[in-house]
Every structure is written in C-alpha cells, then in structure tokens.
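Summary of the model geometry
The chain contents come next:
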Amino acid sequence: MTTGLDRSAGSSAPRSEDVAKLAGVSRKTVSRVLNNEPYVSDTSRHRVLAAAEELGYRLNHAARALASGRTRSIGVVALGTAGYGTASLLVGIEQAVRDAGYALRVVNTPDGDPDSIAGALESLLEQGVDGIVVSVPIVEGEVPLGVDVPVLFVGAPPVFAAARTLTVGVGAHQLARAATEHLLDLGHSTVHHLAGPRRWYATKDRIEGWRAALADRGAHEPPVLNGDWSAASGYAAGLGLASDRLVTAVFAAGDEMAVGLIHGLRESGRRVPEDVSVVGFDDNPVFAYVSPPLTTVRQPFEAASGEGIRLLLHAMEKPDTELPPAKDPPIELVVRGSTAPPPSP
C-alpha cells in the first residue's frame, strides 16, 4: 500500500483521520476496528489494520482521543532484579507517581537487551501511557524505537529518541567521592575500590567519583576490582586483598559486596576496622546491624524519584514550556563501625 500523505520524519504522530484517509474508510470505522467492535466487514478491517501498521499508528492514540484525551498513567521500564537499589528506586517512583494522582504501569526487562527494552516500550505505548520512566541501568546498544511521549531516564543517558527526553541521577559520582574522601580524611594513604559489573552505568559513575577524590588528594590509584553486586563476589575480593598488607582502606560500590568483603578479610586474619577500613554504598538498613556496623553512603532514592517525576509531569502537562531547574540530590555519609584511622606502621 502506498500512502497519499506527506508525513516527514519530524512530523507529529499519525492520527485516526490519517488511518481513515489511507484506508479509504470513515473515522468511525477506524475506531470500531481498533477497538475490536463488531459490524465491520473483513475487507474494511484488513484495510484499516494495514493502514495503521504502515503509518505506525498505535491503539493508544485512539484511546487518547476519547473523553479527556488522556489516560493519566505513567509507564516504567525496569530491570528485572530484586536488588536493594533497583527495588528501592522503583518504590520511590511508585510513591511519587501515586502522589501525583497517576496510575503506574510497570514492565520488567530481564537484562537490558535493546530488543527487550523496545518490547517493553511498545507494551506501555499500546496501553496509552502519558509518559515513561526508564530505570534500566544496563543497555547493550541503541534501542531501535522512537517514542511519542516524554521519557525520563533515571541514572542512565538516553538510548532512544522520544518526544522529550529528561535525565535525573542519584548523585552516584558525588556519593562515591564522599565515601573515598571519608577514608582519606581518616589518614589512609589511598583507597582501593571494589566496583560493580562493568556493563552498569552505576559502576562507571562510582569509579569516576572514586578516581576524582584520589586525584584531588594526589593519592595513588590502585587497580579496580570488579564484583557482581553480590556478597559472594565481595567475599572473594576480601580473600584476595587480605594478603596485601598495604591495603588499609576499601570502598565497595555496594553494601552487599562490602559485607562479603569484610567477611573475607576477617576470615583471612585481617581485622575490620583495626587493619582495614571498609565503606559501602546504598545504606541498606540491614547492614547497620552486622558486626561491625557498616559505614556507607545513602542513595537518595526518594528524593531522586520525586525530582524525576516532577520533571516528567512538567514535560507531560506543559509540553511547550521550559523545564524547571533540577535540584541536586542530597549527599549523606553514614559513619558506623567499619571505618577507623589506619594502623600504626
């Protein structure tokens, strides 16, 4: 089928009248077909579906044309993991969306694969969401899709085109810097870093903050160790670092890795914090009650979620106006019993 419509790449999304014109039917017939109503001939139904597919018209455009023209819902594409940070961020988003009077629709992706993200986006768009939040900390390449509603990216750069893209972070760079500076302020000559998986944006941000703190103090930068966010990977790193008596301070990019690291160090005869100080990242409340209680930096999940949804709502409800200035997330160091000055030579 060839179109008689002049729709340039920068034009607005196709409308029901565009589908009707291309299919050679009335708008009422288009509505009946897309809403799966009876009393439509097979020929007309086929023409409408073919025209809708050619124009890239989705059912949500028809839904938006009804009544108030909005669904008052926000979709979330999230990584399918039960990790503390990911889950806490999702809880914060849910609360902020609910407080704004919108419904929330969540679609999980297994591993950040571009095709799975595209499928999740398509699912949300078909439900007629007014905006989308992408909370996927891993994306392997560009997502082959354009989205006609505003999109908020949390803790990650945009990876596909949208009607309007926004980004908000949790201040991971500054938090990592604060964790490293705390150890340097205690008198440690340098700080080793147990990072997360290489593919994660959060890993890169925390490495950059750690490096910046060391560079500002003129401290030596040790090689980065990579874990997988689990306590088991922290334990393995602790066993490896224990044999190096020059290691007196470690910043772990996640609380679970930090607790595993402490276990590995202590099992190998290194005391924490008398011999080695350890700082985590997230402030999972459980780790205030381990031995020793974990010093960490607190991720501002609630503040970041609220700020992100505030900006997204502005883009949704006032699309032709400038965004208000973004507020910086708070930086909070939680000092407990796993850090101390370095041992005497």
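Residues numbered from 1 in each chain as written. Predicted model: local features only at pLDDT ≥ 70, side-chain atom pairs only at ≥ 80, totals over all residues. Heavy atoms only, no water.

Re the confidence of the model for the protein
Spelled out, the test is: The predictor reports its confidence for every residue as pLDDT, a score running from 0 up to 100. Residue contacts are counted whenever heavy atoms from the two residues lie within 4.5 Å of one another.
When pLDDT is averaged across the protein, the result is 87; 90% of the residues are at 70 or more. Below pLDDT 50 for its whole length, residues 60-69 participates in 16 contacts with residues either more than four positions away or in separate chains.

Notes on the pairing of strand E3 (residues 131-135)
Worth spelling out the cut-off: Residue exposure (1.4 Å probe, protein chains only): buried if accessible area is under 20% of the type maximum, exposed if over 50%, otherwise partly exposed. Only DSSP runs of H or I covering at least 4 residues are called helices, and only runs of E covering at least 2 are called strands; the numbering of each starts at the N terminus. Strands were regarded as paired on the criterion that DSSP finds at least two bridges between them.
By the criterion of burial, E3 is predominantly enclosed, with five of the five residues buried. Residues Gly131, Val133 and Ser135 line one face of E3 and the alternating positions Ile132 and Val134 line the opposite face, and both faces are buried. Direction of pairing for strand E1 (residues 73-79) relative to E3: parallel, over a ladder of five bridges. Paired with Gly75 across the strands is Ile132, a residue of E3. Here E3 runs beside strand E4 (residues 146-154); their pairing, made up of three bridges, is parallel. Of the residues in E4, the one forming a bridge with Val134 is Phe153.

Let's talk about the packing of helix H9 (residues 231-241) against helix H10 (residues 255-267)
Which entries qualify depends on this criterion: Inter-axis angles, ranging from 0 to 180 degrees, are taken between N-to-C directions of lines fitted to C-alpha atoms, where helices are fitted over the stretch in contact. Whether a crossing is left-handed or right-handed is set by the direction in which the near helix is turned from the far one by less than a right angle, anticlockwise for left-handed and clockwise for right-handed. Polar here means any residue other than Ala, Val, Leu, Ile, Met, Phe, Trp, Tyr, Cys and Pro, which are nonpolar, and Asp, Glu, Lys and Arg, which are charged; Gly is therefore polar.
Where H9 contacts H10, the two axes come as close as 6 Å, and the packing angle between them is 35°. Handedness of the H9/H10 crossing: right-handed. Here H9 contributes Ala231, Ser233, Gly234, Tyr235, Ala237, Gly238, Leu239 and Leu241 to the contact with H10, which in turn contributes Glu256, Met257, Gly260, Leu261, His263, Gly264, Leu265 and Glu267. Here the residues of the contact of H9 with H10 sort into eight nonpolar, six polar and two charged.

Side note on the pattern of salt bridges
Our working rule: Any carboxyl oxygen of Asp or Glu within 4 Å of a side-chain nitrogen of Lys or Arg constitutes a salt bridge here.
Following the criterion strictly, the structure yields 10 salt bridges and no others. Residues Arg271 and Asp275 are paired through a salt bridge, measuring 3.0 Å at the closest nitrogen-oxygen approach. Look at Asp275 and you get buried, because its relative accessible area is 13%. Where Arg298 meets Glu332, a salt bridge forms, and the shortest distance between an N and an O atom there is 2.6 Å.

Here's the deal with the packing of aromatic side chains
What counts, and what does not: We call Phe, Tyr and Trp rings a pair once their centres come within 6.5 Å, taking the six-membered ring for Trp, and we label the pair stacked below 30 degrees between planes, edge-to-face above 60, and tilted otherwise.
Inspection of the entire model under this criterion finds four aromatic pairs. Their ring planes at 70° and their centres at 5.4 Å tell us that Trp200 and Trp229 sit as a pair that is edge-to-face. Of the two residues, Trp200 sits in the loop between strand E6 (192-195) and helix H8 (201-217) while Trp229 sits in the loop between strand E7 (225-226) and H9, which places them 29 residues apart along the sequence. Each member of the pair, Trp200 as well as Trp229, carries the same accessibility label: buried. Their ring planes at 45° and their centres at 6.3 Å tell us that Phe251 and Phe281 sit as a pair that is tilted. Here Phe251 is found in strand E8 (residues 249-252), whereas its partner Phe281 is found in the loop between strand E9 (277-279) and strand E10 (296-298), with 30 residues between them in sequence. Accessibility classification places Phe251 together with Phe281 in one group, the buried group.

Some thoughts on the sheet that holds strand E2 (residues 103-109)
Taken together, five strands build an open sheet; the order of strands is E2-E1-E3-E4-E5 and the sheet is parallel. The outermost strands of the open sheet, each flanked by one partner alone, are E2 and strand E5 (161-168). Between one strand and the next, the sheet's axes are offset by a mean angle of 20°, whatever the strand orientation. Contacts from helix H6 (residues 114-126) reach E1, E2, E3 and E4, with the element oriented near 160° to E2.

Section: the nonpolar core
To be explicit about the condition: Side-chain atoms within 4.5 Å are what join buried Ala, Val, Leu, Ile, Met, Phe, Trp, Tyr and Cys residues into a set we call a nonpolar core.
If you look at the biggest cluster of nonpolar residues, it comprises 44 residues, and the most contacted ones within it are Leu121, Ile132, Val143, Val147, Phe160, Leu265 and Val278. Those elements giving two or more residues to this core turn out to be E1, H6, E3, E4, H9, E8 and H10. Considering every element that reaches this core, the biggest residue donor is H6, with six residues. In this view, Phe160 contacts Leu121, Val134, Glu142, Val143, Leu145, Val147, Val151, Phe153 and Thr165; residues no more than four positions away in its chain are not counted.

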